[in-house]
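Each chain, written out:
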Amino acid sequence: MFEQLSDRLTGTFDRLRGKPRVTDSDLDEALRDIRIALLEADVNYAVVKDLVARVRERAKGQDVLQTISGAQQVVKIVHDELVATLGTTESPLQFAAQPPTVILLVGLQGSGKTTTAAKVASLIRKKGRRPVLVAADPYRPAAVEQLMTLGKQLDLPVRVANGEQPPELVASAAAESSRDGRDVVVADTAGRLHIDDEMMRELERMVALTQPAEILLVADAMTGQDAVRAASEFRARLPLTGMILTKVDGDARGGAALSIRAATGVPIKFLGTGEKLDALEPFHPDRLAGRILGMGDVLTLVERAQEHVDQKQAEEQAKKFLEARFTLDDFLSQLKQVRKLGPLSQLLSMVPGMNQMAKQMPEAEAERELTKLEAIISSMTMAERADPSIISGSRRRRIARGSGTTVQDVNQLLKQFVEMQKLMRQMGTMAKSGRLPRFPGLVR
Ligand SMILES: Nc1nc2c(ncn2[C@@H]2O[C@H](COP(=O)(O)OP(=O)(O)OP(=O)(O)O)[C@@H](O)[C@H]2O)c(=O)[nH]1
Ligand SMILES: [Mg+2]
């Protein structure tokens with residue numbers, strides 16, 4: 001998300017930093033660039049106008065002009081104003097003082113409600129809650145089945161209609177929840193192609209009947225300004241408490257994410273970043289602004305790593321590496337851990353300064369390479385993984401066949417591993433002689 005915008009803005013700032021002093025006309029030029037970049041990213045016109053005006057006012061008021069660090073100050077102001085546009089503070093989910101907490105997910109057809117209902121339930125379970133999913137979309141049998149399948153995948157209960165209308169269904173799911181040891185009710189509602197009166201009346205009735213702690217609008221970021229329009233219309237009828245923007249992974253421009261909060265006043269609570277059920281991120285305005293301005297997002301990366309990487313295993317492997325005991329099997333498990341963190345280009349874009357590289361790397365190709373490495377190592381026996389020197393010509397042919405690769409591919413991997421072993425020995429010696437910087441969890 002935001003690749004083009006991020007490119008444009010980084011370019012603008014680089015030009016600005018290149019000037020010995022920021023003059024009046026430099027500032028005007030930069031502001032013009034920023035304005036065009038935002039409009040091209042499909043950000044709502046009124047939001048752009050407002051944001052650029054705020055940046056201009058602050059930049060002029062702060063003696064940015066003629067000072068040495070002027071460019072840096074402009075970047076800081078743009079960052080702050082982006083954060084303000086995105087919502088300044090974080091908006092975590094609210095829970096009812098007395099359980100059950102009812103969370104309704106509403107939105108247009110195909111926006112991602114059903115998937116997101118499952119993601120939300122899974123996320124809050126990680127935080128120690130006991131959610132139940134409710135299939136309040138009885139109009140399409142496939143919709144109920146879809147939620148049941150997701151519930152099964154996550155090992156979460158799914159309440160389906162037993163003749164009730166959706167509002168009564170959610171109300172009775174809430175009423176029964178404590179009996180079943182559940183404290184949160186996450187309801188997936190029906191989507192329509194357009195906002196029609198019938199759907200809205202049903203949702204209004206559901207709200208009145210179930211007193212939800214959260215009424216979350218699920219909006220598809222890929223639809224850009226249409227998502228913003230839909231959000232305004234939903235807001236006019238329902239007391240929305242927050243929004244979840246989905247498919248931000250597929251939205252290169254980011255216009256919806258940047259406009260929807262400012263245009264509707266409703267906070268963004270989560271971003272959907274993929275089809276997998278763990279691809280839901282709490283929304284942090286400052287981190288997103290950092291990502292847009294090419295400053296990376298190390299905090300999110302670290303959180304993802306903490307969630308997915310087994311710390312003890314990582315330490316054990318680092319130790320093995322330095323003692324040159326690191327095998328192909330260890331390598332395989334490292335590959336798997338890294339891949340759990342998300343698509344490579346997404347990971348790289350979170351590392352400050354790596355944004356450009358992330359863009360240059362063709363995602364599909366990099367993923368294919370990793371898949372190939374995994375397949376090759378998986379086709380080896382444990383003995384081979386522990387000691388690759390026993391892998392003869394005939395074994396190489398067998399491994400290539402087993403992994404659907406070529407003997408050259410296998411040769412290349414083995415060659416790389418030999419190089420890696422050399423590196424391990426060097427690093428091990430350096431570590432012993434104290435010439436290696438001390439990383440936490442590495443050498444003691
Ligand atoms: N890439 C990506 N795909 C997503 C995301 N969220 C949902 N999807 C996909 O979008 C499609 C529609 O998602 P659903 O959850 O069925 O949408 P819905 O709003 O329930 O659809 P209706 O019930 O028909 O109104 C599915 O193929 C999902 O896998 C996301 O964050 N990223
Ligand atoms: Mg659905």
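Fair warning: this is a prediction, and the values are worked out from it, not measured in the lab. (Residues numbered from 1 in each chain as written. Chains lettered and ligands numbered in written order. Predicted model: local features only at pLDDT ≥ 70, side-chain atom pairs only at ≥ 80, totals over all residues. Heavy atoms only, no water.)

J.: Please explain the pattern of salt bridges as it appears in this structure.
T.: Close approach of charged atoms allows side chains with opposite charge to pair. Counted under the stated rule, the structure contains 30 salt bridges. Note that D80 is salt-bridged to K76, the shortest N-O span being 2.8 Å. Within this pair, D80 and its partner K76 are both found in helix α4 (residues 70-86), separated by 4 residues, close to a single helical turn. Exposure remark for D80: the relative accessible area of 22% places this residue in the partly exposed category. Using a relative accessible area of 49% as the deciding quantity, one classes K76 as partly exposed. Beyond isolated ion pairs, a larger network of salt bridges with shared partners links D50, R54, R58, K76, D80 and E81. (Salt bridge = Lys/Arg side-chain N within 4 Å of Asp/Glu carboxyl O. Helix = DSSP H or I, 4+ residues; strand = E, 2+ residues; numbered from the N terminus. Buried < 20%, exposed > 50% of the residue type's maximum accessible area, 1.4 Å probe, protein only.)

J.: Even after reading the chapter, I still don't get the side chain of E81, so can you show me in this structure?
T.: Mapping E81 onto the fold places it in helix α4. Among residues more than four places away in sequence, those in contact with E81 are L51, R54, V55 and R58. (Contact = heavy atoms within 4.5 Å.)

J.: Any chance you could explain the domain arrangement of the protein chain here in plain terms?
T.: When the parts come together, some accessible area is lost, and that loss is often what is quoted as the size of the interface. Assigned domains of the protein chain: these are domain 1 (3-86), domain 2 (101-295) and domain 3 (303-432). At the junction of the two partners, domain 1 supplies 21 residues and domain 2 supplies 24 residues. Roughly 1,900 Å² is buried in total at the junction of domain 1 and domain 2, and carbon and sulfur atoms are behind 66% of that figure. In terms of surface lost to domain 2, no three residues of domain 1 exceed D42, H79 and L86, which account for 35% of the buried area on that side. The interface formed by domain 1 and domain 2 includes 0 salt bridges. (Domains from an automatic or database assignment. Buried area = accessible area lost by both parts, 1.4 Å probe.)

J.: What is the right way to look at the confidence of the model for the protein chain in this model?
T.: Regions with low pLDDT should not have their predicted coordinates read in detail. Averaged over all residues, the pLDDT of the protein chain is 86; the fraction at 70 or higher stands at 91%. Under a pLDDT of 50 for its full length, residues 438-444 has, in the predicted model, 9 contacts with residues more than four places off or in other chains. (pLDDT = per-residue confidence, 0-100.)

J.: Would you explain the sheet that holds strand β5 (residues 214-220) in this entry?
T.: Strand pairs in the sheet, formed through backbone hydrogen bonds, run parallel or antiparallel to each other. Taken in spatial order, the 8 strands line up as β3-β2-β4-β1-β5-β6-β7-β8 in an open sheet, and their pairing is mixed. Each end of this open sheet is capped by a strand with a single partner; those strands are β3 (158-159) and β8 (280-282). Relative to strand β4 (residues 184-189), strand β2 (residues 131-136) runs parallel, the two being bridged by 6 bridges. Looking across to β4, one finds that A136 is bridged to T189. Sheet strands touched by helix α5 (residues 113-126): β1 (101-106), β2, β4, β5, β6 (242-246), β7 (268-272) and β8. Its angle to β4, the strand with the most contacts, is close to 170°. Its contacts with the sheet put helix α6 (residues 141-154) on β2, β3 and β4, and the angle it makes with β2 is roughly 165°. (Pairing = 2+ DSSP bridges. Axes fitted to C-alpha atoms, helices over the stretch in contact; angles between N-to-C directions.)

J.: I would appreciate a short explanation of the packing of aromatic side chains in the present structure.
T.: For any pair of aromatic rings, the description consists of the separation of the ring centres together with the inter-plane angle of the planes. Using the criterion set out here, one finds 0 aromatic pairs in the structure. Over the face of the ring belonging to F95 we find R129, whose NZ or CZ atom lies 3.6 Å from the ring centre. (Phe/Tyr/Trp six-rings, centres within 6.5 Å; stacked < 30°, edge-to-face > 60°. Lys NZ or Arg CZ within 6 Å of the ring centre and 35° of its normal.)

J.: I'm lost on the site of ligand 1 in this one. Help?
T.: With respect to spatial proximity, 20 residues lie near ligand 1, and among them G112, K113, T114, T115 and D249 are the closest. In the model, an oxygen atom of ligand 1 is placed 3.0 Å from a nitrogen or oxygen of the K247 main chain. Contact distances for ligand 1 include 3.2 Å between an oxygen atom and a side-chain N or O atom of E275. Here ligand 1 has 650 Å² of accessible area as a free molecule, and 80% of this is covered by the chains. Top contributing element to the shell around ligand 1 by residue count: α5, with 4 residues. (Near = heavy atom within 4 Å. Polar contact = N/O pair within 3.5 Å; in protein donor to acceptor, adjacent residues only side chain to side chain. Areas by Shrake-Rupley, 256 points an atom, 1.4 Å probe, with all protein chains shown as cover.)

J.: I would appreciate a short explanation of helix α11 (residues 285-292) in the present structure.
T.: The α-helix advances 3.6 residues per turn, and as a result positions three or four apart in sequence lie on the same side. Within α11, 7 of the 8 residues are buried, which leaves the element mostly enclosed by the surrounding structure. Listing the buried residues of α11 in full gives P285, R287, L288, A289, G290, R291 and I292. Just downstream of α11 lies G294, where phi reads positive at about 75°.

J.: Hey, could you run me through the environment of G404 in this one?
T.: Structurally, the position occupied by G404 is in the loop between α19 (393-403) and α20 (407-432). On the accessibility criterion, G404 (69% relative accessible area) is exposed. Sequence-wise, G404 and S172 are 232 residues apart; in three dimensions their C-alpha atoms are separated by 53 Å.

J.: Just to check I follow, could you spell out the packing of helix α7 (residues 166-177) against helix α8 (residues 197-210) for this structure?
T.: Two numbers describe a pair of packed helices, the interaxial angle and the distance between the axes. Contact geometry of α7 with α8 gives a least axis separation of 8 Å together with a crossing angle of 25°. Our classification of the angle between α7 and α8 gives roughly parallel. Once α7 is placed against α8, the crossing between them reads as right-handed. Counting all contacts with α7, which are made through P166, P167, E168, V170 and A171, the residues of α8 involved are E202, R205, M206, L209 and T210. The residue inventory of the contact of α7 with α8, partitioned by class, reads 6 nonpolar, 1 polar and 3 charged. (Parallel < 35°, antiparallel > 145°, perpendicular 65-115°, else oblique. Left-handed = near helix turned anticlockwise from the far one by under 90°. Nonpolar A, V, L, I, M, F, W, Y, C, P; charged D, E, K, R; others polar.)

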